[in-house]
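# Observations on chain architecture
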Amino acid sequence: MLGIGILKGMAITAKNFFGSFVNKRLLPTLQYPEAGNSVTLFSRNIPFLVYDNDEDPLGTMRCVACKICEKECPPQCIYIVMEKDANGKPAKRPKVFDIDISVCMGCQICVEVCPFESIKMDSTFELSTPDRFEGLLLKREHLLKSNTYFHKIHPDEAQEVDDRLAAKQKKPAPTPSTPAA
Amino acid sequence: MNTETIAPREYQIYSGDDLRTNVLEISMGPQHPSTHGVFRMDVSLDGETVVKLKPVFGYLHRNHEKIAETTSYLGSMPYTDRLDYFCSMTNNWAYALAVEKMAGLAVPERAEYIRVIMAELTRLQNHASLVGFLTNDLGASGTPLLYAIREREHILDLFEWASGARMMCNYMRFGGVRNDLPSGWLAQCKKVVDDFPAFMDEFETLLTGNEIILSRCQNVGVLPRDLAINASITGPCLRASGVDYDIRKVDKYGVYDRFDFKVPLGSVGDCYDRFMIRLLEMRESVKILKQALATIPEGPVNDSKARNFRPKPAEAYGRIEGPKGELGFYLVSDGTPKPHRYHVRPPSFINLTVLEDMCLGQKIADAVIILGSIDIVLGEVDR
């Protein structure tokens, strides 16, 4: 009979419509700002720089300004200048560390190539700003976040990193050399 | 009264044969909702019938190939996500396969299984949303599309859990995958895969017998078998025309030779065949997933030495059966860390070349369905 297929389909839509009042699986929509956000413990968005001691963020930042991430970043959104002490010797930390998050695509390659576990992925996503030039250019001060914060957003990964660093400190590891590229 | 003057008059009923009409040229797109992105069709219409159709694209050109020639091999991996943004996992795999072929890298067993699982999950969510979008083109106002998207969310959650991102996964690496699956992932994946056939049953009840779909899709946009082969159409479009060609069976890349699955074939090559092939392929993908999840071995997932390397001067073409067709990467190395030549063989782009042949003689409203049934993503067409 012509029209039986349509009626069958209507039965399905009716089932889904009325079912959505009782079955959560049929209506998984999350009302975003009111009902919280759906950021999970494994989502990645933009990078941040890790420091260890909450009292002294600049002194205990892990980054040594080796510039590997700057070189490997596919869209070239990282800009690093190494700090120099009074004698002009490199101080092994960045004076400037900028990430242009309007260019960053969150690919995590900087995290993978970093030999010092100093750059990690953040899961924050509410990044809108009225200033499209300065507001989207994150400076060193904006990017620095504590290891405690890292434990909060990605607990498993942070624990792994801590274990790896502890193992490295036990036996004085050879300084990681620059990759062949 | 003179009766001789009273006679029925002769009326001429206008037949319309000598009506002179011009061919109407319409520029459909690039901002047309039915063109699946920034795609334009220059259509010439005689009444409502298509007499000429010229696809115009390039609005989303992002210089992908040239950018890849100026970055390292690893650096192009995240860019491949952005080709066909519905299937980033399979794009990653095709590129990784090409580099592995060129550099002679071996892939651990577990990584091969993870790749198969990810690729089949990608196929499931791509086909489900394609069928949803196709019904949307038919005027179904999004209801089947939203059911498909609802199901797709569960698969995207799995992708996010494993790789950190829902769509731009960037998960495959040369010689494996980036990280091992988190604990509990496989159990959740099993649950999603087990639930999927229930969704497909519902979806098929909703759609396959629907008279509107039948009358609008059957015998519309027929792609003859010979033309499909000559125009090097691949993927579901080719199989809908009745050609038994699936790279998973022909090439047996990865570990596909270990799984038992069938290749569904169409007989007519019309829109309805292309639509049904997708539904049937989803069933086969679920079969593959069940086998892969049951037999996935333990072990390492990548080769940490393969991160930064300079391949010897060589060339390679790696191809996989993507959800849309044969996705291939052609690479030429000159011994430096950057590829000398990097070329993508995008299935969407090549499948689009027969759009005019399928649309000629059809109504303009059918051209929309025909375009929808090819399954294009403009990120891949324009690159």
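These numbers were taken from a predicted model, which means no experiment stands behind them. (Residues numbered from 1 in each chain as written. Chains lettered and ligands numbered in written order. Predicted model: local features only at pLDDT ≥ 70, side-chain atom pairs only at ≥ 80, totals over all residues. Heavy atoms only, no water.)

Attention now goes to the overall build of chain A. Helix and strand counts for chain A stand at 6 helices and 6 strands. Listing the helices and strands of chain A from first to last along the sequence gives α-β-α-β-β-α-β-β-α-β-α-α. Overall size of chain A, expressed as C-alpha extent along the three principal axes, is 90 × 40 × 35 Å. Looking at chain A as a whole, 36% of its 181 residues are labelled buried. (Helix = DSSP H or I, 4+ residues; strand = E, 2+ residues; numbered from the N terminus. Buried < 20%, exposed > 50% of the residue type's maximum accessible area, 1.4 Å probe, protein only.)

It is worth spelling out the sheet that holds strand S2 (residues 40-46) of chain B at this point. Residue and element names in this part refer to chain B. The strand order across the open sheet built from 3 strands is S1-S2-S3, with neighbouring strands paired in antiparallel fashion. Two strands in the sheet have a free side with no partner beyond their single neighbour: strand S1 (24-28) and strand S3 (49-56). Neighbour to neighbour, the strand axes of the sheet diverge by 20° on average, direction disregarded. Sheet topology note: the S1/S2 ladder contains 5 bridges and is antiparallel. (Pairing = 2+ DSSP bridges. Axes fitted to C-alpha atoms, helices over the stretch in contact; angles between N-to-C directions.)

Attention shifts here to the interface of chain B and chain A. Contacts between the two partners involve 33 residues from chain B and, on the opposite side, 30 residues from chain A. Buried area between chain B and chain A, both sides added, is near 2700 Å², and the carbon and sulfur share of it is 53%. At the junction of chain B and chain A, the tally comes to 2 salt bridges. For Arg173(B), the salt bridge goes to Glu112(A), with nearest N and O atoms at 2.6 Å. Connecting chain B to chain A are 16 residue pairs in polar contact (both at pLDDT 80 or more). Mapped by element, the contributors of at least two residues to the side of chain B that touches chain A are helix H2 (77-81), helix H5 (143-163), helix H6 (185-207) and helix H7 (211-217) of chain B. Per-element tally for the side of chain B that touches chain A: the top contributor is H5(B), with 8 residues. A class-by-class count of the residues in the side of chain B that touches chain A yields 10 nonpolar, 12 polar and 11 charged. (Contact = heavy atoms within 4.5 Å. Buried area = accessible area lost by both parts, 1.4 Å probe. Salt bridge = Lys/Arg side-chain N within 4 Å of Asp/Glu carboxyl O. Polar contact = N/O pair within 3.5 Å; in protein donor to acceptor, adjacent residues only side chain to side chain. Nonpolar A, V, L, I, M, F, W, Y, C, P; charged D, E, K, R; others polar.)

Before going further, it helps to examine the state of the cysteines. All names here are of chain A. Applying the stated criterion across every chain yields a total of 0 disulfides over all chains. Left without a disulfide partner, Cys63 is nearest to the cysteine sulfur of Cys69, which lies 6.3 Å away. Summary of cysteine pairing: Cys66 is not part of a disulfide, and the nearest cysteine sulfur, belonging to Cys114, is at 6.1 Å. (Disulfide = S-S within 2.5 Å.)

On to the nonpolar core, then. One recurring pattern in soluble globular proteins is that nonpolar side chains are buried together. Residue and element names in this part refer to chain B. Core analysis: the largest hydrophobic core is formed by 116 residues, its most contacted members being Ile117, Met118, Leu121, Trp185 and Leu355. The greatest single-element share of this core, amounting to 12 residues, is contributed by helix H4 (residues 109-137). Setting aside residues no more than four positions away along its own chain, Leu355 makes contact with Phe39, Met41, Leu53, Ile370, Leu371 and Ile374. (Core = buried A, V, L, I, M, F, W, Y, C linked by side-chain atoms within 4.5 Å.)

Taken residue by residue, chain A gives an average pLDDT of 82. The fraction at 70 or more is 94%. The lowest-confidence element of chain A is helix H6 (residues 155-170) of chain A, averaging 81 in pLDDT; the highest-confidence one is strand S4 (residues 119-121) of chain A, averaging 88. (pLDDT = per-residue confidence, 0-100.)

Strands belonging to one sheet form pairs held by backbone hydrogen bonds; the direction of such a pair is parallel or antiparallel. Residues and elements named next belong to chain A. Here we have 3 strands laid out as an open sheet, ordered S2-S3-S5, and antiparallel in their pairing. The sheet is open, and its two edges are formed by strand S2 (78-84) and strand S5 (137-138), each paired on a single side. As paired strands, strand S3 (residues 90-100) and S5 are joined by 2 bridges and run antiparallel to one another. Residue Asp100 lies in a different strand from S5, and its bridge partner there is Leu137.

Another point: the pattern of salt bridges. All names here are of chain B. Counted under the stated rule, the structure contains 40 salt bridges over all chains. Glu65 serves as the salt-bridge partner of Arg341, at 3.7 Å between the closest nitrogen and oxygen. Taken together, the residues span a long stretch of sequence, with Arg341 in strand S8 (residues 339-345) and Glu65 in helix H1 (residues 64-70) at a distance of 276 residues. A relative accessible area of 33% places Arg341 in the partly exposed class. Of the charged contacts, one joins Arg82 and Asp81 as a salt bridge, the two residues approaching to 3.8 Å between their closest N and O atoms. Take Arg82 and Asp81: they sit in the same class, and that class is buried.

What follows deals with the packing of aromatic side chains. Residues and elements named next belong to chain B. Applying the stated criterion across every chain, the model contains 23 aromatic pairs over all chains. Taken together, a centroid distance of 5.8 Å and an interplanar angle of 70° make the contact between Phe329 and Tyr342 edge-to-face. Here the residue Phe329 occupies a position in strand S7 (residues 325-333), and Tyr342 occupies one in strand S8, the gap between them amounting to 13 residues. Assigned by exposure class, Phe329 and Tyr342 land together as buried. Of note, Arg248 hangs over the ring of Tyr256, and the distance from its end group to the ring centre comes to 5.9 Å. (Phe/Tyr/Trp six-rings, centres within 6.5 Å; stacked < 30°, edge-to-face > 60°. Lys NZ or Arg CZ within 6 Å of the ring centre and 35° of its normal.)

Tracing the chain through its elements places Asn16(A) in helix H1 (residues 4-22). Taking the C-alpha atoms as reference, Asn16(A) lies 48 Å from Glu117(A); in sequence the two are 101 residues apart. Contacts of Asn16(A), omitting those with residues within four sequence positions, involve Leu26(A), Tyr147(B), Arg150(B) and Glu202(B). There is a polar contact of 3.4 Å between the side chain of Asn16(A) and the side chain of Glu202(B).

Another point: the side chain of Ser285(B). The topology assignment puts Ser285(B) in helix H11 (residues 271-295). Other than its neighbours up to four places away in sequence, Ser285(B) contacts Glu120(B), Arg123(B) and Leu124(B).

Turning our attention to H5(B). Three- or four-residue spacings in an α-helix give side chains the same orientation, since the helix completes a turn every 3.6 residues. Taking 1.5 Å per residue as the helical rise, H5(B) with its 21 residues ought to reach 30 Å, and the 30 Å between its terminal C-alpha atoms agrees with that figure. Just downstream of H5(B) lies Gly164(B), where phi reads positive at about 100°. (Expected span 1.5 Å × (residues − 1).)

Moving on: the packing of helix H3 (residues 88-103) of chain B against H4(B). All names here are of chain B. Interhelical geometry of H3 versus H4 gives an angle of 140° and a closest axis separation of 8 Å. Classified by the angle between their axes, H3 and H4 sit oblique to one another. Read as a crossing pair, H3 and H4 show a hand that is left-handed. Residues Met89, Thr90, Trp93, Ala96 and Glu100 of H3 form the contact with H4, whose participating residues are Glu112, Arg115, Val116, Met118, Ala119 and Thr122. Tallied by class, the residues present in the contact of H3 with H4 amount to 6 nonpolar, 2 polar and 3 charged. (Parallel < 35°, antiparallel > 145°, perpendicular 65-115°, else oblique. Left-handed = near helix turned anticlockwise from the far one by under 90°.)

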